[in-house]
Amino acid sequence: MNSILRTSSRAACARSTGPKYTQYPRFFSRNQVKYAPPNRPNLRDVYKARNRTLLMYTTATVITVVGVTYAAVPLYRAFCSATGFGGIPMTDRDSSRYSAERLVPREEAKRIKVHFNADTATALPWQFQPQQRYVNVLPGETSLAFYKAKNLGKDDIIGIATYNVTPAKVAPYFAKVECFCFEEQKLIAGEEVDMPLLFFIDRDIVDDPLMADVDDVVLSYTFFRARRNSAGHLEPDAPQQVVLESQGWGDIPHAPPKPVESTAS
């Protein structure tokens, strides 16, 4: 009996002298949050921080999407002008491409007939036409051509031109050094102007087997009345589908077919 009492007293002493631990509930109600145990973050503050983070990420995403939307069209046009994608002639100003040794005609190559086409939108009271129907050029040879434009309206008008070349596969080799299409054109009422075009066909076209069947190329321009978009930039004042067709995504005049040579002996 004495041994049992001694064992019970020791256990009681151990419980009374040992470290005391406070048991907290695993979950807290809304009213218990403010009485959270030490070293545990306040749940209300945690939720506020999460909401602020979510709001910042959402705002940044919206701003990024809006910025990409406004920049999509200019970036796409710059990409097409730099690569010749979609039949848009290359207009890059790479100095190596315009070096003296590159702009030398390849006399052994066949001449390519470049046809000139001109159109105007119905909303633009201009007369616009090429001053020559075509020119024959050698790869690597620079050529100068002219278009003529006249404002038939009673008001001053700003026009902007789109351009394209067919067949589309020639676009990476068709380069324009100077062109009236690089910027908008303003004609006062009744004014008539000559618009120069300096271009060349890259000499490397001769080494491309996919270009062996190219004998004719058509360079097409379409003038539109210009308007300012929401970003303040000038753009063609026409439905998007009409503008896309003028850039080669629809039916545009092609070079006349080559005459079929008679094989009769």
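An unreviewed UniProt entry annotates the protein chain as Cytochrome c oxidase assembly protein COX11, mitochondrial of Rhizoctonia solani. In its Subcellular location (unreviewed entry) section, the UniProt record describing the protein chain reads: "Mitochondrion inner membrane".

> Would you mind going over the state of the cysteines with me for this structure?
Think of a disulfide as a covalent bridge from one cysteine sulfur atom to another cysteine sulfur atom. According to the stated counting rule, one finds one disulfide in the structure shown. The partner cysteine of C179 in its disulfide is C181, sulfur to sulfur 2.4 Å. On the S-S bond that ties C179 to C181, the torsion sits near 130 degrees, and the link is right-handed. What makes C181 buried here is its relative accessible area of 10%.

> I would appreciate a short explanation of the pairing of strand β4 (residues 142–151) in the present structure.
Regular strands place side chains that alternate from one sheet face to the opposite one. Side chains of β4 alternate between two faces, with S143, A145, Y147, A149 and N151 buried and T142, L144, F146, K148 and K150 left unburied. Pairing between strand β2 (residues 126–130) and β4: five bridges, direction antiparallel. Bridge pairing in β4 links W126 to N151. Two elements, β4 and strand β8 (residues 192–201), share nine bridges in a ladder whose sense is antiparallel. Within β8, the position partnered with L144 by the bridge is L198.

> Just to check I follow, could you spell out the sheet that holds β8 for this structure?
Whenever strands of a sheet pair, they do so through backbone hydrogen bonds, lying parallel or antiparallel. Reading across the sheet, the four strands line up as β2-β4-β8-β6 and stay open at both edges, with antiparallel pairing between neighbours. With partners counted over all chains shown, the strands left at the sheet margins are β2 and β6 (174–179), one partner each. If you compare each strand with its neighbour and ignore which way they point, the axes differ by 25 degrees on average.

> Sorry if this is basic, but what is going on with the pairing of β8 here?
Sheet analysis places β6 next to β8, joined by five bridges and oriented antiparallel. When the bridges of β8 are listed, A175 appears paired with F200.

> Just checking my understanding: could you explain the packing of aromatic side chains for this structure?
Two aromatic rings, taken as a pair, are described by how far apart their centres are and by the angle between their planes. Inspection of every chain in the model, using the stated rule, returns 12 aromatic pairs. With a centroid separation of 6.1 Å and an interplanar angle of 70 degrees, the aromatic rings of F116 and F199 are classed as edge-to-face. Taken together, the residues F116 in strand β1 (residues 112–120) and F199 in strand β8 connect sequence positions 83 residues apart. Here F116 and F199 have matching classes, each one buried. Ring-pair connections join several aromatic residues into one group, and the members of that group are F116, W126, F128, Y147, Y163, F174, F180, F199, Y221 and F223. Here K113 stacks its cationic end above the ring of Y134, 4.4 Å away from the centre of that ring.

> Looking at this model, I keep getting lost on the pattern of salt bridges. Mind explaining?
A pair can form between side chains of opposite charge whenever their charged atoms are brought close. Applying the stated criterion to the full structure yields nine salt bridges. Measuring nitrogen to oxygen at the nearest pair gives 3.0 Å for the salt bridge that ties K169 to D213. Of this pair, K169 sits in the loop between β5 (157–166) and β6 while D213 sits in the loop between β8 and β9 (216–228), and the two are 44 residues apart along the sequence. Measuring nitrogen to oxygen at the nearest pair gives 3.0 Å for the salt bridge that ties R227 to D237. Within this pair, whereas R227 is found in strand β9, its partner D237 is found in the loop between β10 (234–236) and α3 (240–249), the two being separated by 10 residues in sequence. Judged by relative accessible area, which is 34%, R227 ranks as partly exposed. Look at D237 and you get partly exposed, because its relative accessible area is 32%. The network of salt bridges with common partners includes R106, E108 and D207.

Scoring rules and cut-offs
- Residues numbered from 1 in each chain as written.
- Predicted model: local features only at pLDDT ≥ 70, side-chain atom pairs only at ≥ 80, totals over all residues.
- Heavy atoms only, no water.
- UniProt positions renumbered as here; feature names shortened; annotations may be inferred.
- Disulfide = S-S within 2.5 Å.
- Buried < 20%, exposed > 50% of the residue type's maximum accessible area, 1.4 Å probe, protein only.
- Helix = DSSP H or I, 4+ residues; strand = E, 2+ residues; numbered from the N terminus.
- Pairing = 2+ DSSP bridges.
- Axes fitted to C-alpha atoms, helices over the stretch in contact; angles between N-to-C directions.
- Phe/Tyr/Trp six-rings, centres within 6.5 Å; stacked < 30°, edge-to-face > 60°.
- Lys NZ or Arg CZ within 6 Å of the ring centre and 35° of its normal.
- Salt bridge = Lys/Arg side-chain N within 4 Å of Asp/Glu carboxyl O.

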